[in-house]
Structures are given as C-alpha cells and as structure tokens.
Amino acid sequence: MDAIEVGVLGATGVVGQQFVSRLARHPWFRCTWLAASERSVGKPYKSVAPWKLTTPIPGGSAGRIVEACVPGKGPKVVFSGLDASVAGEIEGAFAKAGHIVVSNARNFRMDPLVPLLIPEINADHLKLLGEQRRSKGWSGAIVTNPNCSTIVLAMALAPLRQFNIRGVVVSTMQAVSGAGYPGVPSLDILGNVVPFISGEEEKMESETLKILGTDGGRVPYSAVVSAHTNRVPVFDGHTMTVSVAFENKPSIEAIKEAMRTFAGKPQELWLPSAPQPPIVVNEEENRPQPRLDVNLGDGMAITVGRVRECRVMHAKFVALGHNTVRGAAGAAILNAELMHAEGTLQ
Ligand code: NAP
C-alpha cells in the first residue's frame, strides 16, 4: 500500500511533537508537512520545536521548514495540535477547503455534528460525517478526540455500561505536560498541588456523556459525572480516582472481568496503534503509578487498579493514561487509522 501523506497543524507544541515522533514510524502515514504560528514559519523544525521527548527528533522532520497554517497548501489529511485560541478558526477553514482535520483541540468536540471519537467505544459516531458535510457546507471534515483526562475516564467506564452507570465522582492528578509548553511555572508546581485546571472539570463532565451516548453522541449517556481536577508535579500521565454508582450493582470480579475483556474495532481490525488489550487491570495494591505504567501499550493502554467496594457509591478504582499519547496524538492517529480502515479518510 502507498503511504498516505499527512501534515501536522501546531507541529511545534507538546502534542505536535508526539505527532511528529509517532508518524515517523507509522506504517500507513507519511508526514510531509509541518505548520505552526508566525513565530515558527520559515524556520527549520528543530530550531523552533522545543523538543521534550526522550526519543530524538526524527531525521525526516528535523530540517523541514515550518509552514503557515494556510488551507489548501498541505496534504489532504492534517492532524491538529493547535492551541485552542486559534484552532476553531483554522480547523474550520481547513475543513471548508477540503481537508480532513483529525483534531485534538476542544473547539469542535461538543458540536453535535462532529464525532468525539474513541474507536474502541463509539466507532459508529463516524456516521455523523455525511450530515456534517451537508449541513456545514464543508468538502472536508473534522473529527475530534476527547480531552486528555476524559479519554481515561471514558475508557474505564465503557465496559461498565452493561451495569447501567448512574453516577460517577472522579478526582484527577494531572501531569504538567498536559498544560503545553512552557506550561505551569516551576515555582507554582514543584512540591505542590494546584487544585484548579481551567475548563477541565466541565470538559470531563460533558464530553464523557457525549462519548458514551448514542446517535453520534447527540443523545448523551444518562448518568451524572462530577469531576475534581488537579495539577501535580508529574511529567506525563493523568491518574484519577473514580467512584461509580450503578443501577444494577455488579460484583467487583464482574467489573474487573468486564474491563479485562473489553475491546473494540481497533483490536478487531488490528489497527497499527491499537493497544492489545486496551485496558490493563493491575492487581498490585499500589498500582497504577504514572512513572511505572504510563507507557503500557506504547502509551495507548489505560491501566486500572485497586478495583474495590465503595461505601458511598458502589465501586471505586484508580485509572491512568498517557495524556499526550492516548490523550492526544496517539488517540488522533488511532482515529485516522479507523477512518482509513473504514474508507472515510480519503
Ligand atoms: P502547546 O505546546 O502550547 O502547542 C501549541 C501549538 O499551537 C504550537 O505548535 C504553536 O505554534 C501553535 N500555535 C499557537 N498559536 C498559533 C497561531 N496563531 N497560528 C498557528 N499556530 C499556532 O500546546 P499542546 O499542549 O501541544 O496542546 C495543543 C492542543 O492540544 C491544545 O488545543 C490542547 O488543549 C490540546 N490537548 C493537549 C493535550 C496535552 O496533554 N498537552 C492533551 C489533549 C489535548 P508555535 O510554536 O509556532 O507558537
């Protein structure tokens, strides 16, 4: 199969770097176009991307000249790691001009005509694309992936839908890489916990119900989610403690078994970025931990541990996922892989 050419909007950022790194070793996609702000345009990628990954900058991208985010210039398929302050306007213009935009940004996530996709959970939400094109007059399309905490929560809850979830209380411990670069000042975060992340609680509470919902997410899942979000001095990996109440209370073993055996389209189709299995249930008493577990499944698996009875709700557990991989670039690449496998990418 010939490689599919792709580009990256916001290629210099924390998420953009994950795109560049993962696309350099992708079996289907070839990254041939990098774009960012006026600050970076016309300069070699390596001189404007403050590279923070432990793997080297891919040779094919290091010297590539960064271009402006102008629609019509790059490949048809573009991944977006754009800052939310500009993503709405730029991604909309790209979709209008015929590009397929596979985005991380929040701007279009709650649009009723835009799939908020986690391929293991709601691959059928891609059916919105036909109506999206007709209603918005776009010759291209936009598909989004969830907020980096929401994706961990939604993945852990998806196998539990069979027990009719009614209420969820979640408290996060979120890594600094989730705030982009340079992100939270060191004097604010070192040796500290910051109990506020702007807009994050609202995103977790609304996006989760769209993802688990039906009719492309237009009928939200019928449950209530209450989120507390906190920034902690961890480099990568969002950890969260979750308590869940059900209509039909399952046993703890039934919850673990549902999580262990959970799989979806990516696993069935053996998509290149699909973790096998997508949820790892760790039985050790003090796991998951970001430093030890964040890279499971090449950063694409969610780890769940300490599944036990809750004396207020019914069950509680800890969940962890890699925020810039499963919560951002890796998720978007998996979305594009599913779209390619289903014939909606080209
Ligand atoms: P970041 O490190 O601040 O990177 C932002 C990117 O946007 C940079 O490439 C920047 O280019 C570009 N940009 C800024 N202003 C621009 C403009 N006016 N025109 C064109 N490009 C512009 O942020 P990030 O953490 O990678 O996050 C990127 C997006 O992904 C955000 O929407 C964020 O909410 C979302 N997200 C992030 C995470 C995470 O864990 N970090 C997870 C999920 C989703 P320059 O370098 O040229 O300024």
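Residues numbered from 1 in each chain as written. Predicted model: local features only at pLDDT ≥ 70, side-chain atom pairs only at ≥ 80, totals over all residues. Heavy atoms only, no water.

With that out of the way, let us pick up the site of the ligand. By nearness alone, 29 residues border the ligand, and Thr12, Ser37, Arg39, Ser40 and Leu82 come closest of all. In the model, an oxygen atom of the ligand is placed 2.6 Å from a nitrogen or oxygen of the serine 37 side chain. When residues in the shell around the ligand are grouped by element, the largest group, three residues, is from helix α4 (residues 84–96). When grouped by side-chain class, the residues that make up the shell around the ligand number 13 nonpolar, 13 polar and three charged. Summarising the domain contributions, the shell around the ligand has at least three residues from each of domain 1 (4–146 + 329–341) and domain 2 (148–322). (Near = heavy atom within 4 Å. Polar contact = N/O pair within 3.5 Å; in protein donor to acceptor, adjacent residues only side chain to side chain. Helix = DSSP H or I, 4+ residues; strand = E, 2+ residues; numbered from the N terminus. Nonpolar A, V, L, I, M, F, W, Y, C, P; charged D, E, K, R; others polar. Domains from an automatic or database assignment.)

Strand pairing in a sheet relies on backbone hydrogen bonds. The paired strands run either parallel or antiparallel. Strands sit in the order β3-β2-β1-β4-β5-β6 across an open sheet of six strands; the sheet is parallel. Strands at the two margins of the open sheet, each flanked by one partner only, are β3 (67–68) and β6 (141–144). Bridge analysis of strand β2 (residues 29–36) against β3 gives two bridges, and the strand direction is parallel. By the bridge assignment, alanine 35 is partnered in β3 with glutamate 67. Along the sheet, helix α13 (residues 325–341) contacts β1 (4–9), β2, β4 (77–80), β5 (100–103) and β6; its crossing angle with β5, the most-contacted strand, is approximately 140 degrees. (Pairing = 2+ DSSP bridges. Contact = heavy atoms within 4.5 Å. Axes fitted to C-alpha atoms, helices over the stretch in contact; angles between N-to-C directions.)

Glancing now at the sheet that holds strand β7 (residues 165–173). Read from one edge to the other, the open sheet built from six strands follows the order β8-β7-β9-β12-β11-β10, with strand pairing classed as mixed. Unpaired on one side and paired on the other, β8 (224–228) and β10 (279–282) mark the two borders of the sheet. Averaged over all neighbouring strand pairs, the angle between strand axes comes to 25 degrees, with direction disregarded. Direction of pairing for β10 relative to strand β11 (residues 302–309): parallel, over a ladder of four bridges. Across the sheet, residue isoleucine 279 finds its bridge partner in β11, namely isoleucine 302. Of the strands in this sheet, β9 (238–246), β10, β11 and β12 (315–321) touch helix α10 (residues 252–260), which is tilted by about 170 degrees from β11.

This part covers the domain arrangement of the chain. Annotation of the chain at the domain level lists domain 1 (4–146 + 329–341) and domain 2 (148–322). Distance from the C-alpha centre of domain 1 to the C-alpha centre of domain 2: 24 Å. With 35 residues of domain 1 at the contact, the number on the domain 2 side is 38 residues. Both faces considered, domain 1 and domain 2 share a buried interface measuring about 2,900 Å² in area, 66% of it formed by carbon and sulfur atoms. (Buried area = accessible area lost by both parts, 1.4 Å probe.)

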